[in-house]
Amino acid sequence: MTDQAGEAMTPLVKNAASRPPAASLRRRVRPQSRWWTVWLFLLPALLLFLYFKFIPMFAGIQMSFQKVRPFLGNEWVGWSNYAAVLNDSRFHDAIVHTLILGFGQSIGAVIGGLVLALLLEGASKTLWFVRTAAFLPVVTATAVIGEVWRIIYFPAPNGFLNSAIGSLGLDPVRWLEDPAVALYSVMAVGIWQGAPYNMVIFLAGLAGVDRSLYEASAIDGAKLRHRLWYVTLPALRPAMTIVLVLAAVRSLRVFTDVWVLTGGGPAGATDVWMTRIYSLGFERNQMGIASAASILLLIASIALTALALLITRKRAEK
Amino acid sequence: MFENPNKAGNAIRGLAFLAAALCSSTAMAQDALEVWSRSGPQAAETYKAVFAAFTEKTGIPVEYLATVEFETQLQARAAARDLPDVLIYDQASMASYANAGMILPVVPEDLAGHDQLSEASWDSVRMADGGYYGVPFSQHAQVTFIRSDWREKLGFDVPQTHDDLSALATAFATQDPDGNGVDGDTYGMAVPGTTDRGFFTWWLSSYMMQRGGSFVTGGEGKYTVTVNTPDSVAAVEWIQNLFCGTPSLVQPGALTNASATPFFAENHAGIYQTGPYAIANFDKAPGKDKYEIIIAPAGPGGKTTLTERTSIYFGATSSKPDQQKALAEFLISPEAQSLGMTAPGQPVVRLPVNTTLNAAEIYGDDRWAVVADQLTDSQLMPSDVDFTTARLDIAETFQSMFSQCTSDIQGQLDGLAGRISDELSQQNALQ
C-alpha cells in the first residue's frame, strides 16, 4: 500500500525508466484484480448523485412533456409546454432581464475582482485583514445580504443610500421600486457579492506572476498601465478563464439575489428565468411548463459553458 | 483500504442498518395522524396546545408540522403521492387542491356537531359542483388598525369615511405624529404590496369593494369579470392615488416589501388594514394602548372588507379516515374552538365558526366584537372555483400599474379582464 502511494507521487517517466519490466507488470496486475475497490469508493457519491441529481433530472425531462397532476394521472402533451414557454411574452422579458443581469454582473464582478486583487495583493498583516473583510459578502447568506441591501436601498429620502447621495445634492432614487432602476440595483448587489470571489482567484493568479518581468519592464520605461496591460493581464489568463467560465455557468441561474430583493417585481422589471420558473411551478402549479422552462435553461447553460470554454481554449492556443 | 473484507462487510451492514432505520422511522410516523398548517412559530404553539387536548381526549397521537412554505412543501409531498392526513389552510386554496384530486370530499352531516356551524360557513367550503371539500375552522374579516396615540396627538377623530381616512393618512405622513422632530420618517398607510401568493389582491379587494368596484361578481361557480367596469376603474384610480399622489400615503417600498407589519409595529406607519391575527403582535409593539381597531371607514361603495377563512382538509392519500373525522369533529367543537382562541401563542381560531360561542366573551376583549361586527359586512373571494391564477394576475397587474403610476388604467384593466376571463372560461366558470 505504502509503496503504491509512493509511486503515485513520483513522475511517470522516471518510473518507467528505473523499474525492471517484470516488476511493473506484476504490480500492474494487482490493482486490476481489485477494480471494484475503485467503484466501491465511488459508490456512495454515485448513489447520492443518482438519487438527488440524475433521477430528478430525468423526471424533469419527462414532466416537461406532461400536464402534471400527481393525483389524477399525468397527461402527455408533447411539445406544447415548450411552445407555451417560448410563446410567453413574460418569458421573453425574463430572458432579456436574465441576459442583462448575467452579463452585467459577470463583467462587473470580473472587473471588481481584478481591481480588488490588484489593490489587496501583498503579504502584510493589514492586507490580510482587509482581504478577509472584502471576502465576507461571499460567505454571507444571500437572504441576509438581501435584507441588508433592502435597508441600504430604502426608497425614502432618509434611506441609507438616498441620504448619502442626498448630501451630494442628488434626488432620492426608488432603488428597488422604480421599474427602470430595479434591475441595475439588483445587479449592483450581485457585483458586490461576486467580486470578492473572483478576487481570490485573481490573487492566486497574481502570486504566480514572475516579479522579474515587472522589474525588466520598469527598466525599459514601462508605465503602470503598460505593466498592467502587457505583464499582469497576460499572466492572469488562466485565472481569467476560470472566472469567465464560472460566471457563464452561474449567470443564467441567478435567483436568490433577485428573489430576496424584489421577488421579480416591481411590474416584473426584475423577473428572471428562475423566478419565472418558480412562480409557474410553485405559485401557479403549472409544473409541466415550469419543467420545460427548466430544461431549456439547462440546455442554454450547457451551450453557454461550451461556448465560454471554446473561446478561452482558442485564445490559449493562439 | 478494504484489505480486510470484514471492513467492506461492515460498511455494507452499516448502510443496510441506515436504510432500515429510515424505514422504521417512517413506519413509526405512520401511526400518528400527520397534520400540517401554514403557520409561523407563535401560531404553531397554539395549534400544539389544541392537538395535545385532542390526543388527550381521543388517544390519537398527532404529528404536527407548521410551515410558512406550505405550498412548496405540499407540492413535494404531492409529487411523492404521500400527503399529510389533515391540512389546515386558507379557504382560498381549496378549489385548486380539490381540482387536483389532493383533498377528499366531506359529508357535513357525517360530522358530529356539524349543525353548530352556520350555513354561511358550510357554503364557503362548497365547490362549484355542489360537493363539500373542507370543514370550516376559523373566520374573520379584515379590520382597520389605527395608531390612536398619533391620531389624538394631531387632533383627528376616528375616521368614518374615505375622505377622513385620506386626511388622517396625509397628516401621519406630513406632520411628525411620533414627535421625534424628524419629518418624513412616518408614513400614512402600511400596505402589503407583495405579489407573493398574490397577497396584494387580498388587501386591494377591501378597498375595491369600498369604492364600489370589484374583480369579479357572481357565485355558485359562475362569475362575471367586472375589473374593467367604469366603477372598478374609478375605484382603481382612487387606490392608485394613495401610491402615486403627493404625498404618497403608503410606506416607501410598499410594492416590494415582503411584509408591511414591521412598519406598523415599529412606529413608521399609522394605518394598516389587515386581519385580526396581527393583534397578538401589535399588543407587544407598538403596544396595546397605542392603537385601535375600527370598522372600515366607508367609501362610496360602503365599508365592506375581505372575509378570510381557514378550513380543515382531508389529504387524499390518508389511510385514516376515522381519525381524520375525529380531528375535524374535535376542531369544530366549542372546546377546541375556545382553545384555538386562547391558548398561549396567537389565536388560530380568530372568530369561532361554532355558533354557540361568543368571541368577545372568550377573549375578554371588546376589540374582537369589532371584528365580529365587521364580519357581518364582509365578503369572501371566490373559493368554489380555482381563483389562484386570477389572484396572482391581479396582484401583478396592480403592482405594475402602481409602480409605474400608469395613466392608462382602463387599458391595463381591460388586459387583466381578458386574462381572468380566459382563466375562468378554462374552468367553465365564466357566466
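Right, let's walk through the structure included here. (Residues numbered from 1 in each chain as written. Chains lettered and ligands numbered in written order. Predicted model: local features only at pLDDT ≥ 70, side-chain atom pairs only at ≥ 80, totals over all residues. Heavy atoms only, no water.)

1. Comments concerning the pattern of salt bridges
Where charged atoms from two side chains of opposite charge approach closely, those side chains can pair.
All names here are of chain B.
Piece 1. Within the structure shown, the criterion is met by 22 salt bridges over all chains.
Piece 2. Glu 335 is the partner of Lys 57 in a salt bridge, and the nearest nitrogen-oxygen pair spans 3.3 Å. Of this pair, Lys 57 sits in helix H2 (residues 41-58) while Glu 335 sits in helix H13 (residues 334-342), and the two are 278 residues apart along the sequence.
Piece 3. For Lys 320, the salt bridge goes to Asp 85, with nearest N and O atoms at 3.8 Å. Remark: Asp 85 occurs in the loop between helix H3 (70-79) and strand E3 (86-90) and Lys 320 occurs in the loop between strand E11 (305-314) and helix H12 (321-331); sequence separation between them is 235 residues. Of the two residues examined, Lys 320 and Asp 85, each falls in the buried class. (Salt bridge = Lys/Arg side-chain N within 4 Å of Asp/Glu carboxyl O. Helix = DSSP H or I, 4+ residues; strand = E, 2+ residues; numbered from the N terminus. Buried < 20%, exposed > 50% of the residue type's maximum accessible area, 1.4 Å probe, protein only.)

2. Regarding the layout of surface pockets
Residue and element names in this part refer to chain A.
Piece 1. Of the volumes computed, that of the second largest pocket is approximately 920 Å³.
Piece 2. Taken together, 28 residues form the lining of the second largest pocket, with Ile 107, Met 240, Leu 244, Thr 312 and Arg 315 sitting closest to its centre.
Piece 3. Elements represented by at least two residues in the lining of the second largest pocket include exactly helix H6 (89-119), helix H12 (224-235), helix H13 (237-251) and helix H16 (287-317).
Piece 4. The leading source of residues in the lining of the second largest pocket is H6, at nine residues. (1 Å grid on protein atoms, 1.4 Å probe; cavity = no way out; pocket = protein on both sides within 12 Å on 5 of 7 lines; lining within 4 Å. Points joined across faces, edges and corners; volume = space filled by probe spheres on them.)

3. A short note on the packing of aromatic side chains
Piece 1. In this structure the tally under the stated criterion is 44 aromatic pairs over all chains.
Piece 2. On the numbers, 5.4 Å between centres and 45 degrees between planes, the contact of Phe 65 of chain A with Tyr 82 of chain A is tilted. With Phe 65 of chain A in the loop between helix H4 (35-63) and strand E1 (66-67) and Tyr 82 of chain A in helix H5 (residues 80-87), this pair connects stretches of sequence that are 17 residues apart. Take Phe 65 of chain A and Tyr 82 of chain A: they sit in the same class, and that class is buried.
Piece 3. A ring pair is formed by Phe 255 of chain A and Trp 259 of chain A, whose centres lie 5.5 Å apart and whose planes are at 20 degrees; its orientation type is stacked.
Piece 4. You can call Phe 255 of chain A buried: its relative accessible area is 19%.
Piece 5. Three or more aromatic residues joined by ring pairs make a cluster, and in this case those are Phe 200, Trp 203, Tyr 207, Phe 215, Trp 238, Phe 243, Phe 398 and Phe 402 of chain B. (Phe/Tyr/Trp six-rings, centres within 6.5 Å; stacked < 30°, edge-to-face > 60°.)

4. Here we look at helix H15 (residues 367-375) of chain B
Piece 1. Considered for burial, the residues of H15 of chain B that qualify are Arg 367, Trp 368, Val 371, Gln 374 and Leu 375 of chain B. Buried residues along H15 of chain B cover an arc of 115 degrees about the axis, so they all sit on one side. (Arc of directions from axis to C-beta.)

5. Quick word on the side chain of Thr 406 of chain B
Residue and element names in this part refer to chain B.
Piece 1. Relative to the elements of secondary structure, Thr 406 occurs in the loop between helix H16 (388-404) and helix H17 (409-426).
Piece 2. For Thr 406, a relative accessible area of 13% translates into the label buried.
Piece 3. What Thr 406 contacts, discounting residues up to four positions off in sequence, is Gln 240, Met 401 and Gln 412. (Contact = heavy atoms within 4.5 Å.)

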